[in-house]
Structures are given as structure tokens and as C-alpha cells.
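# Examination of the molecular architecture
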Amino acid sequence: MTATALPAETATAAHNDPAHPPAIRSKRRIDPTYYWMVVPVLALFAFFITLPALVGVFFSLTNYAGYGDWKFIGLSNYVNIFKDPAILQSYIFTFVFALTTTVVVNIVALAIALGLNAKIKWRTGIRTVFFIPMVLSALVVSFVFNYLFSNTLPVLAERFGLTPLATSILANENLAWLAIVLVTVWQAAPGATIIYLAGLQSVPAEVYEAADLDGAGSFRQFLSLTLPLILGYLVINVILGFKGFLGTYEIIVGLTGGGPGMATQSVAMRIFSGFTGGDYSYQMANAVIYFLITLLISVIQLRLIQRRGVSL
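Residues numbered from 1 in each chain as written. Predicted model: local features only at pLDDT ≥ 70, side-chain atom pairs only at ≥ 80, totals over all residues. Heavy atoms only, no water.

## A word on the overall build of the protein
As a reminder of what qualifies: Numbering goes from the N terminus for both helices and strands, where a helix is a DSSP run of H or I of at least four residues and a strand is a run of E of at least two. The rule is simple: take the accessible area with a 1.4 Å probe, protein chains only, and divide by the maximum for that residue type; under 20% is buried, over 50% is exposed, in between is partly exposed. Contacts are residue-level and defined by heavy atoms, with any inter-residue pair within 4.5 Å sufficient.
The helix and strand inventory of the protein stands at 13 helices and zero strands. Overall, the protein shows an N-to-C arrangement of helices and strands of α-α-α-α-α-α-α-α-α-α-α-α-α. Across the 312 residues of the protein, 32% fall into the buried class. Considering only contacts in the protein between residues 6 or more positions apart, those separated by 24 or more positions represent 71%.

Next up, the structure:
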């Protein structure tokens, strides 16, 4: 039996028919430009981030002081960290500070965003004023507030008879952390405000018009409409804020330097002190533990987001 040749049109149609794919498919060709863009970035990330991190993990298992000889001591640094009250104090301060500041920043930023989103006169100019703190250096801002808390505020308090504030609150172990929270909120609130403004402007005006027709007041509209509709933006601000505040450093250095005593010393300050104080391996072990805790918090936050079905 001889095979009958198909017409050219029929063969082409059979080749393009999705129901009858060709026996052999050519592999999808990847544009070489993709590799030229991705490979250098991965190489730089590995060299400047991954490799130093692995070196730090290795030295955390030694008694290396940052210079000179060293020997392998295993998990001794990690065991000692959990017995060190100064380390535990820095963890308590850092997490209490991060949690408190995250709550205050989001409350203040949302209130400012609601005000700036309203139909008020000179709205654009007012927005510019509110966003100035965001572009200033944290270290410069902290030095300015250090002068205000140490000099200006005590003079004013003494003049008006406010005895508790007649001395610098930065020298008070019970109040110094509040000064750090205040300055951090002052600088961080504008960034969170921008995100909230984006969320508020994405809410259709028709939603509020329908609520007005149903007789809902402003507070009721905020709880039942505004807050649920900008929940994704709230989650973004909470995650970004909490992660950033866990690594706070510059503002504390400029305001209190970790004092009085060690009352306001964060984990980041404690770790950095090991690089200059001959305690390199011990603080590298501290950094590894802190990284794992932060990673665990990130995973928990992502799981909670997925469960709630929040779209970021």
C-alpha cells in the first residue's frame, strides 16, 4: 500500500491544530539578555550578602575577637547568649520599642492621611510640610531632638512649673525610651501616610455616597467602609514598620547612645558593639539568633496574611 501525500494546506493545518500537536516540539529559547541581567545581580548579591553572612556564621562557632588567632569552640557562644542578662534586656527593649512604635506610627499616619485626603484648602502645600521629616537624615534629626530634650524642654518646663520635665528625660531610665519612640514616630509617620493616602484614594467615592444615603455617620463609615477597604495597606505598613523598627540604630545613637546605662540599647547596637569591642564571634552568634527570630516573624506574618486573604 502506498502512502498518499497530503496537500500543503492540509499539512499546515494539521501542524497548527492544537488537538494534534507535532510529535517533536522545539524547546522554548530563552533570550540571552535575561542571563546578562540576572546573573550579574545574583553574583553581586552572593558576593556582598550571602558570602559575608556565611563567614559570620562560621566565626560565630569560634572564639575570634575580630583580629588575631582563633579556635573552634562549637555552640558555646550561642549557649552563653541565653544566659546573658544584658543580651536579654536588649531583646526586650527592641521588641517592646518596635511593637509600641508600630502601633503609634500607624495610628498617627492614618489620622494624618484621613485629614490630608479631605477636601481642605491648600491641601497640596500641607502635604509637602508633613512629608519633610521623611527626607531628613535620622542621625541629624536625633541630634536636633537631643538638644531639644536636654536644653530647651527643661528650660520651658522649669519656667511653667513642670517639675518632672525640668531635667532631661534622656537621662531618665524610665522615660528615655519614650523620647526615642516620639522621634521615630515623627520621622516614620510620613512614609506610612503616603501608603495610606494611596489606599484612601483607591476607594470609590460612590461607596461613601451610598453610605450617606443610608444614613451612616463619619465614624460608622470609617469602621465599616474605609478600614476594611484599606486593610491591605494597613498590613503593608505594619509589616514594613515592624521590620524596620526591629533594626533601629541611628536615632538611638543620636539620642541616648544606648543609655542611661543600658536602658535603651537595642539588639542592633549590641551586635555592632562586638565589631569594635573585641567581641566579634559572640555578637555574630547574637546576629544569627536575631536573624532567625526575624525570619520566623516574617513567616508568621505571611501565613497570617494568606489566611486572611489580604491582597498586597
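## Quick look at the layout of surface pockets
The gaps of empty space that remain are located by a probe, the size of a water molecule, rolled over the atoms. Just so we agree on the cut-off: Computed over the protein atoms alone on a 1 Å grid, cavities are sets of points where a 1.4 Å probe fits but cannot get out and pockets are open sets with protein on both sides within 12 Å along at least five of seven lines; a residue lines them when it has an atom within 4 Å of a point. Grid points are joined across faces, edges and corners, and a volume is the space filled by probe spheres set on the points. Side-chain classes are defined by residue name, with Ala, Val, Leu, Ile, Met, Phe, Trp, Tyr, Cys and Pro counting as nonpolar, Asp, Glu, Lys and Arg as charged, and the others, Gly among them, as polar.
By volume, the largest pocket amounts to about 420 Å³. For the lining of the largest pocket, the secondary-structure elements that each account for two or more residues are helix H4 (85-117), helix H8 (205-213) and helix H9 (218-229). Element by element, the count of residues in the lining of the largest pocket is highest for H9, at four residues. Partitioned by chemical class, the residues of the lining of the largest pocket number eight nonpolar, four polar and three charged. Of the voids in this model, the second largest pocket is the one considered here, and its volume is about 350 Å³. Along its surface, the second largest pocket is lined by 20 residues, and Thr184, Gln187, Ala188, Gly244 and Phe245 are the ones closest to its centre. Counting residues per element, the ones that place at least two in the lining of the second largest pocket are H4, helix H7 (176-201), helix H10 (231-246) and helix H11 (250-255).

## A word on the nonpolar core
Here is the rule we go by: We define a nonpolar core as any set of buried Ala, Val, Leu, Ile, Met, Phe, Trp, Tyr and Cys residues linked to one another through side-chain atoms lying within 4.5 Å.
Membership of the largest hydrophobic core comes to 45 residues, with the highest contact counts inside it found for Phe149, Ile180, Val183 and Leu255. Elements with a minimum of two residues in this core: helix H3 (76-81), H4, helix H6 (138-159), H7, H10, H11, helix H12 (267-276) and helix H13 (280-308). Here the element with the most residues in this core is H4; it accounts for ten residues. When neighbours within four sequence positions are excluded, Phe149 is seen to be in contact with Pro154, Ser168, Ile169, Leu170, Ala179, Leu182, Val183 and Leu255.

## Considerations on the packing of aromatic side chains
The criterion, for reference: In this analysis, rings of Phe, Tyr and Trp, with Trp reduced to its six-membered ring, are considered paired at centre separations within 6.5 Å, and the interplanar angle assigns stacked below 30 degrees, edge-to-face beyond 60, and tilted for intermediate values.
Within this structure, the stated rule accounts for 16 aromatic pairs. Their ring planes at 70° and their centres at 5.5 Å tell us that Phe58 and Phe59 sit as a pair that is edge-to-face. Residue Phe58 is classed as partly exposed on the basis of its relative accessible area of 38%. Pairing Phe95 with Tyr290 gives two aromatic rings, centres 6.5 Å apart and planes at 80°, and the pair type is edge-to-face. Pair noted here: Phe95 is in helix H4 and Tyr290 is in helix H13, with a separation of 195 residues, a long-range link. Look at Tyr290 and you get buried, because its relative accessible area is 10%. Through a chain of ring-to-ring contacts, three or more aromatic side chains come together here, namely Phe58, Phe59, Tyr64, Trp70 and Tyr280.

## Describing the side chain of Gln283
Counting through the fold element by element, Gln283 comes out in helix H13. The residues touching Gln283, leaving out its near neighbours within four places in the chain, are Ile87, Arg270, Ile271 and Gly274.

## Brief notes about H12
Every buried residue belonging to H12 is among Val267, Ala268, Met269, Arg270, Ile271 and Gly274, and all of these are buried. Positive phi shows up at Gly278, right after H12, with a value of about 70°.

## Quick notes on unusual backbone geometry
The phi angle of most residues is negative, glycine excepted, and most peptide bonds adopt the trans form. In this model, Gly259 is joined to Pro260 through a cis peptide bond whose omega is -5°. Within the secondary structure, Pro260 is located in the loop between H11 and H12.

## Details of the confidence of the model for the protein
Worth spelling out the cut-off: Confidence per residue, as judged by the predictor, is encoded in pLDDT with a range of 0 to 100.
Per-chain confidence: the protein averages 83 in pLDDT, with 88% of residues scoring 70 or above. A low-confidence stretch, residues 1-6 stays under pLDDT 50, and its non-local contacts, those more than four residues away or across chains, total zero contacts.

## Remarks on the packing of H4 against H10
The following threshold applies: Every axis corresponds to a line fitted to the C-alpha atoms, with the helix fit spanning only the stretch in contact, and the corresponding angles, defined between N-to-C directions, vary from 0 to 180 degrees. Working rule for handedness: look at the near helix, and if it is turned counterclockwise from the far one by less than a right angle, call the crossing left-handed; if clockwise, right-handed.
The N-to-C vectors of H4 and H10 enclose an angle of 145°; their axes lie 9 Å apart at closest approach. When you trace H4 past H10, the crossing you get is right-handed. The residues of H10 that touch H4, namely those facing Thr94, Phe95, Phe97, Ala98, Leu99, Thr101, Thr102, Val105 and Asn106, are Leu234, Asn237, Val238, Gly241, Phe242, Phe245 and Leu246.

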